Amino acid sequence: MAKTVTTYVCGECGAVSPKWLGRCPNCGAWNSFIEEVQAPAAAEKPILKSMVRPQPLSFVREEKLKRIKTGVDEFDRVLGGGIVPASMVLLGGDPGIGKSTLLTEVSGILSKEHKVLYISAEESASQLKLRCNRLGVNSDTMLVMNETALENIEANLDGVEFLIVDSIQAVYLDALSSSAGSVGQVRECASRLMRLAKAKNITVFLVGHVTKEGAIAGPKVLEHIMDTVLYFEGDAENNYRILRAVKNRFGSVNEVGVFEMRENGLFGVKDYAGIFVSESRGENAGSVVTPFISGNRCVPVEIQGLVAKTVFGMPRRMSLGIDYNKLVLMLAVLEKKGGLPFYSQDVYLNAMGGIKLGEPSVDLAVLMSLASAYTGIPLDAGTAVFGEVGLTGEVRGVSRAEMRVRECINAGFTSVILPKSNMKSAEAFRSRIKLIPVSYVFQAVRELTKKNKGRDAEEQPQ
Ligand code: TYD
Ligand code: MG
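What counts and how
- Residues numbered from 1 in each chain as written.
- Chains lettered and ligands numbered in written order.
- Predicted model: local features only at pLDDT ≥ 70, side-chain atom pairs only at ≥ 80, totals over all residues.
- Heavy atoms only, no water.
- Helix = DSSP H or I, 4+ residues; strand = E, 2+ residues; numbered from the N terminus.
- Buried < 20%, exposed > 50% of the residue type's maximum accessible area, 1.4 Å probe, protein only.
- Contact = heavy atoms within 4.5 Å.
- Areas by Shrake-Rupley, 256 points an atom, 1.4 Å probe, with all protein chains shown as cover.
- Axes fitted to C-alpha atoms, helices over the stretch in contact; angles between N-to-C directions.
- Parallel < 35°, antiparallel > 145°, perpendicular 65-115°, else oblique.
- Left-handed = near helix turned anticlockwise from the far one by under 90°.
- Near = heavy atom within 4 Å.
- Polar contact = N/O pair within 3.5 Å; in protein donor to acceptor, adjacent residues only side chain to side chain.
- Nonpolar A, V, L, I, M, F, W, Y, C, P; charged D, E, K, R; others polar.
- Pairing = 2+ DSSP bridges.
- Expected span 1.5 Å × (residues − 1).

A. Focus on the overall build of the protein chain. Counting its secondary structure elements, the protein chain contains eleven helices and 21 strands. Principal-axis analysis of the C-alpha atoms places the extent of the protein chain at approximately 85 × 55 × 55 Å. A buried classification covers 50% of the 462 residues belonging to the protein chain. Counting contacts in the protein chain only where the partners sit at least 6 residues apart, residues at least 24 apart contribute 65% of the total. Accessible area for the protein chain stands at about 23,200 Å²; split by element, carbon and sulfur atoms hold 52% of it.

B. Expanded view of the packing of helix α2 (residues 99-110) against helix α3 (residues 125-135). Close contact between α2 and α3 brings their axes to 10 Å; oriented N to C, the two are set at 70 degrees. Here α2 is positioned roughly perpendicular relative to α3, judged by the angle of their axes. The two elements α2 and α3 meet at a crossing, and its hand is right-handed. Judged by residue contacts, S100, T101, T104 and E105 of α2 engage L128, R131, C132 and L135 from α3.

C. Broad picture of unusual backbone geometry. At the junction of D166 and S167, the peptide bond is cis and its omega measures out at 5 degrees in the coordinates. Structurally, S167 is set in the loop between β7 (162-166) and α5 (183-200). The backbone of N201 sits at a positive phi, close to 60 degrees, despite the residue not being glycine. Looking at where N201 falls in the secondary structure, it is placed in the loop between α5 and β8 (203-209).

D. Structural context of the environment of T290. Secondary-structure assignment places T290 in strand β13 (residues 287-294). Residue classification places T290 among the buried residues on the basis of a relative accessible area of 0%. Placed 76 residues apart in sequence, T290 and V366 show a C-alpha to C-alpha distance of 8.9 Å. Aside from chain neighbours lying at most four places away, what touches T290 is V299, P300, V301, I303, S361, V362, A365, V385 and F386.

E. Looking closely at the site of ligand 1. Within the structure, ligand 1 sits among 16 residues, and G96, S100, T101, R262 and G265 are positioned closest to it. At 2.7 Å from an oxygen atom of ligand 1 is found a main-chain nitrogen or oxygen belonging to G96. Contact distances for ligand 1 include 2.5 Å between an oxygen atom and a side-chain N or O atom of T101. Taking 560 Å² as the accessible area of ligand 1 by itself, protein coverage stands at 73%. For the shell around ligand 1, the secondary-structure elements that each account for two or more residues are α2, α3 and β11 (256-262). Split into classes, the residues belonging to the shell around ligand 1 amount to four nonpolar, six polar and six charged.

F. Spatial organisation of the pairing of strand β10 (residues 240-248). Bridge count for strand β9 (residues 228-234) against β10 is seven bridges, and the pairing is antiparallel. Note on β10: the bridge partner recorded for V229 is K247. Pairing of β10 with β11 involves five bridges; the strand directions are antiparallel. Bridged to R241 within β11 is F259.

G. Main features of α2. A rise of 1.5 Å per residue sets the reference length of α2, with its twelve residues, at 16 Å; its end C-alpha atoms lie 16 Å apart and thus fit the reference within 8%. Counting buried positions over the twelve residues of α2 gives eleven, a clear majority of the element. When α2 is considered as a whole, its buried residues turn out to be K99, S100, T101, L102, L103, T104, E105, V106, S107, G108 and L110.

H. Geometry of the sheet that holds strand β1 (residues 6-10). Read across the open sheet, the three strands follow the order β2-β1-β3; overall the sheet is antiparallel. Bordering the open sheet on either side are β2 (16-17) and β3 (33-37), each of which pairs with just one other strand. Looking at chain direction, β1 and β3 are connected through five bridges and run antiparallel. Looking across to β3, one finds that Y8 is bridged to E35.

Set out below in structure tokens:
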């Protein structure tokens, strides 16, 4: 066998060097050299088998996407309705969040009808068996392998329809001298697996570790070659987990799946009451519920705000689940247009249940939560809020207002504060829920103070 030769290539400019270098002599970038297996000599190169010619788009045959249900409803939903055969799915998340648990459950179900191979590169086969027993997965039909060398994995793929690699950072190619988990290894292994997936029609699930910052460890190119990239998120304290797609070539990226980690596995959660909304809302100031749309699903989520007097010179602003810049913008609007000064107040904001609220429709709820926290006046527990806020203090209409109002009714809310421009689509629900249209933020803040004037006055921050 010919000896494989590796070279080092600068990730920034493409300069090639036989040795690793700390700094690229060509472009001056630091720490940019990645080890690569050199392409085989010209004689070994495959000869082009067919000549593909350009053709008009209308001649291209449309293929209907076949989808295979994995059997875990919430997982299927995030994938866009099931797994597309021969696709590559990357599942990232913090350690211990439940990546292996989820994929073991999925493989257990898939192995009833398909040939599934689970590569457990991090745990021994007996550890995997223990988990299978715990999850009640029938282990007769599921193939497992405790292997880290990709060449050995490749040699065992005959007839395999689903391959799970847990994790991509733990497998390595013998041909590369760098250690498993290094940028070069992760990139080479993933692209080898991708070629395999497409050539042998294997659906590949990869588990990926995340860095301290929360991104999938390894080169960005890993996410580029994937068809679908999923993140598993959640709070270490509570047992709820949220599965989110950040890239999906075959479906919406806004879908979320909600799971609960129990003693005997992960279970999809259909009834959210109590996860994203607390029991005690309406009693304490700072809590505001907003109907948040993610993909095709509308979930009422509670936003909690806390305002405390600044002890040191610089006021603190902290936000969990809501963009920090959005918090700062809403504070500025409240100061200027709502007449509430925050310059001497620390402000904390949190979206319940560990969900990330990225939609502009949460603006008004964020603003009202801050106003409620500042004034010490709680918003009525039966009131939900949605709307986008502009820097001039106007409340703008948002998309799918009808769906939001319907969800508020379903969740038992009795009134909803919404943008005036959304009234047309919400009008149909007038008999079932009280609609409070607002055009400017001061009107929304007035709604808060109208009923409860003077209440909790002693709690007001100085
Ligand atoms: P795991 O899937 O190993 O996490 P990851 O692969 O993302 O690192 O999950 C580990 C955690 O889940 C561990 O703390 C134990 C817990 N767990 C349960 O609570 N119930 C279960 O049925 C299983 C299998 C794990
Ligand atoms: Mg694991």
